[in-house]
Amino acid sequence: MSPGATVLTLIGLIEACVTMGEPASLCQIRGSPEFPVLSKEGDVMIGGAFSIHSKITQPSLSFTERPTAYKCSSINQREFRFAQSMIFAIEEINNKMDLLPNISIGYRIYDNCASTLSSMRAAMALMNGHELTLGNSCSGLSAVHAIIGESESSSTIVLSRTTGPFQIPVISHSATCECLSSRKEFPAFFRTIVSDLYQSRALAQLVKHFGWTWVGAINSDNDYGNNGMAIFLSAAQEEGVCVEYTEKFDRAEPEKLLKVIEVIKKSTARVIVGFLSHVEMNNLLEQLSLHNITGHQFIGVEAWITADSLVTPTSFSVLGGALGFAVQKANISGLEDFLVRDFWETEFLCNETNSESVSRTCKENPDLFQLKGHDDDLEMLRYPTNIYKAIYAVAHSPQHIEVFRQKGCDKALEIKPWEVVEALKHVNFTIKNGESVWFDNTGAAVNRYELVNWQLGSDGSILFKPVGYYDASLPSDKGFSLNTEAIIWSGGGKELPVSVCSESCHPGTHKVLQKGKHVCCFDCVPCPAGEFSNTTGNTVLIHTNIHAHSTCLSVCIMLKLAAMQSVINVIRMYLM
């Protein structure tokens, strides 16, 4: 079997049925086919997997009758924008004459409803298609040449592990887990965003920069949160930052979330590093607001720091002044007009002239029309740029595939998924806003983060104001660029919060570590009689590994030696 062939019998969803008396066997789908939410045929097919709905109602499982279809609800506006952005990039390419002449791009976009089960069903449908009868053989090419998605790392891992053995490329716009960098485990995975290896280290450097040596840490209990937090904790230790507590919870574990709330209540750290997906962060925010827990300086990650779902009438009292890394916002001309108007007038026009696929979507997803004409979120959009890059990367692949074929003997017109995988390793192009796109040896695109700050606008609206950036391509000591004067801190003030376990010892005292506690926790004990220290201990020196904590020890020893030398000099003078 060729690398691009798909064994359609995987996990029992497809079965080769041999009927007695018929001249040939047929490959048929068992059960109901999975249909895309949005689709359009083309010469090159690109799949999409997004959580267009964020809640799923599972059917009852009595095991006495066939289960009914699960139902998705609660539109995720941000994820729907991702699907729209994918269609925008495809239609822009189709309308050009220079990039893919005489070749059209089509799409099949599935809604995974933020569920692992539906993610697997979407993955199978993307590989196999949704036709009831697939021909005389259950071995053949994938229904799509590449897949864009998913948004979260855990679901992207499921997708990549399912499609990887068949060399179907998966390009994610926001899955940042460092675990996905393994080319051995994920040979066909690419992403238009940098790995959390850089973000986690940058978080530790950011905390150290502001002198916060005593912090709390909370993460999502999934691949994204656990991997990212592990890297942060290691980097924080290297930077001399002490972590008072580390807690984690999953969106389906409300009892663990309540435990996290109790830990925060009892803690003394004023700074909290939240390595959370936007769903867990939303759950945490709800509980913090309910318990009226305010006054903490939150340090966030790209998954939630600019999530519009967190913007509520009460959220600023908890997250006001939050500081964190975000995907850099880039303007793509024509995108906003398409999202608000063109999509509804061309791609999703529900009338009697609809194609069968559009008619089905109009009938089964009437709630999507709630977003028609809605534009309040456009200023907050960041990830669509990454989706735009991913689509153009696939569109540039045929050029490299043609070069590969000229070197060999394969002159077939049909593009195979494994050929796209090899071509993606060599693409290097510039999109219309001037950004260069290429993938490194781990499959990631080189990128940089914006540092954004939660602030209030003059009209009372919440703004994600850029106050600096972090460039992952530069050496760690040169990656940061900060405008500290523009930052608003927790509570909406301009005064830098202090988060230390123990205040620096003043002149005349020295440090004594507290037994069984972090090295950042100490008592300030007066120097013994006849000894003194004349400096105040600093916390840390920025961008060095030198700890400048003052103690009496070195000063006292020097004073004793000086005193002894003075006595010796007096004796010598007396003897002379």
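Note: the structure precedes this text.
Quick summary incoming for the structure in this document. (Residues numbered from 1 in each chain as written. Predicted model: local features only at pLDDT ≥ 70, side-chain atom pairs only at ≥ 80, totals over all residues. Heavy atoms only, no water.)

Some details on the pattern of salt bridges
In step 1: Under the definition given, this model contains 16 salt bridges.
In step 2: For Glu-34, the salt bridge goes to Arg-121, with nearest N and O atoms at 2.9 Å. Of this pair, Glu-34 sits in the loop between strand E3 (26-29) and strand E4 (38-40) while Arg-121 sits in helix H2 (residues 116-128); the two residues are 87 residues apart in sequence, bridging distant segments of the chain.
In step 3: Measuring nitrogen to oxygen at the nearest pair gives 3.4 Å for the salt bridge that ties Arg-341 to Asp-342.
In step 4: On the accessibility criterion, Arg-341 (40% relative accessible area) is partly exposed.
In step 5: Salt bridges sharing partners connect three or more residues here, namely Glu-152, Arg-251 and Glu-280. (Salt bridge = Lys/Arg side-chain N within 4 Å of Asp/Glu carboxyl O. Helix = DSSP H or I, 4+ residues; strand = E, 2+ residues; numbered from the N terminus. Buried < 20%, exposed > 50% of the residue type's maximum accessible area, 1.4 Å probe, protein only.)

Some remarks on empty space enclosed by the protein
Once rolled over the atoms, a probe with the size of a water molecule shows which space is left empty.
In step 1: A complete count under the given rule lists five cavities of 30 Å³ or more for this structure.
In step 2: For the largest cavity, the calculated volume is near 90 Å³.
In step 3: Lining the largest cavity, in full, are Arg-78, Phe-82, Thr-306, Asp-308, Asp-377, Met-380, Leu-381, Arg-382, Tyr-383 and Pro-384.
In step 4: The class makeup of the residues in the lining of the largest cavity is five nonpolar, one polar and four charged. (1 Å grid on protein atoms, 1.4 Å probe; cavity = no way out; pocket = protein on both sides within 12 Å on 5 of 7 lines; lining within 4 Å. Points joined across faces, edges and corners; volume = space filled by probe spheres on them. Nonpolar A, V, L, I, M, F, W, Y, C, P; charged D, E, K, R; others polar.)

Points about the layout of surface pockets
In step 1: Space inside the largest pocket adds up to approximately 1,400 Å³.
In step 2: Along the wall of the largest pocket there are 41 residues; nearest its centre are Ser-32, Glu-34, Ala-69, Tyr-70 and Arg-121.
In step 3: Taken together, the elements giving at least two residues each to the lining of the largest pocket come down to strand E7 (71-75), strand E8 (105-111), H2 and helix H10 (356-364).
In step 4: Broken down by element, the residue count for the lining of the largest pocket peaks at six residues, all from H2.
In step 5: Each residue belonging to the lining of the largest pocket can be placed in one class, and the counts come to 21 nonpolar, 11 polar and nine charged.
In step 6: Here the second largest pocket defines a volume of roughly 1,100 Å³.

Here's the deal with helix H1 (residues 77-94)
In step 1: Helix length check: H1 (18 residues) gives 26 Å between terminal C-alpha atoms against 26 Å at 1.5 Å per residue, within 8%.
In step 2: Within H1, 17 of the 18 residues are buried, which leaves it mostly tucked inside the rest of the structure.
In step 3: You can read the cap of H1 off the contacts: a side-chain oxygen lies 3.2 Å from the backbone nitrogen of Arg-78, and it is on Asn-76. (Expected span 1.5 Å × (residues − 1). Polar contact = N/O pair within 3.5 Å; in protein donor to acceptor, adjacent residues only side chain to side chain.)

Notes on the environment of Met-229
In step 1: On the secondary structure map, Met-229 appears in helix H5 (residues 223-238).
In step 2: The exposure class of Met-229 is buried, given its relative accessible area of 3%.
In step 3: A C-alpha to C-alpha distance of 8.9 Å links Met-229 and Thr-246, two positions 17 residues apart in sequence.
In step 4: Every residue in contact with Met-229, bar those within four places of it in the chain, is listed here: Ala-217, Ile-218, Asn-219, Val-273 and Phe-275. (Contact = heavy atoms within 4.5 Å.)

Here's the deal with the sheet that holds strand E14 (residues 242-249)
In step 1: In spatial order, the strands read E14-E13-E15-E16-E17-E20-E21-E22; together these eight strands make up an open sheet with mixed pairing. The open sheet has two edge strands with one neighbour each: E14 and strand E22 (480-482). For this sheet the average axis-to-axis angle between neighbouring strands, irrespective of direction, equals 30°.
In step 2: Alignment of strand E13 (residues 214-220) against E14, held across seven bridges, turns out to be parallel. Paired with Ile-218 across the two strands is Glu-247, which belongs to E14. (Pairing = 2+ DSSP bridges. Axes fitted to C-alpha atoms, helices over the stretch in contact; angles between N-to-C directions.)

Fair warning: the whole summary comes from geometry, so function is off the table for now.
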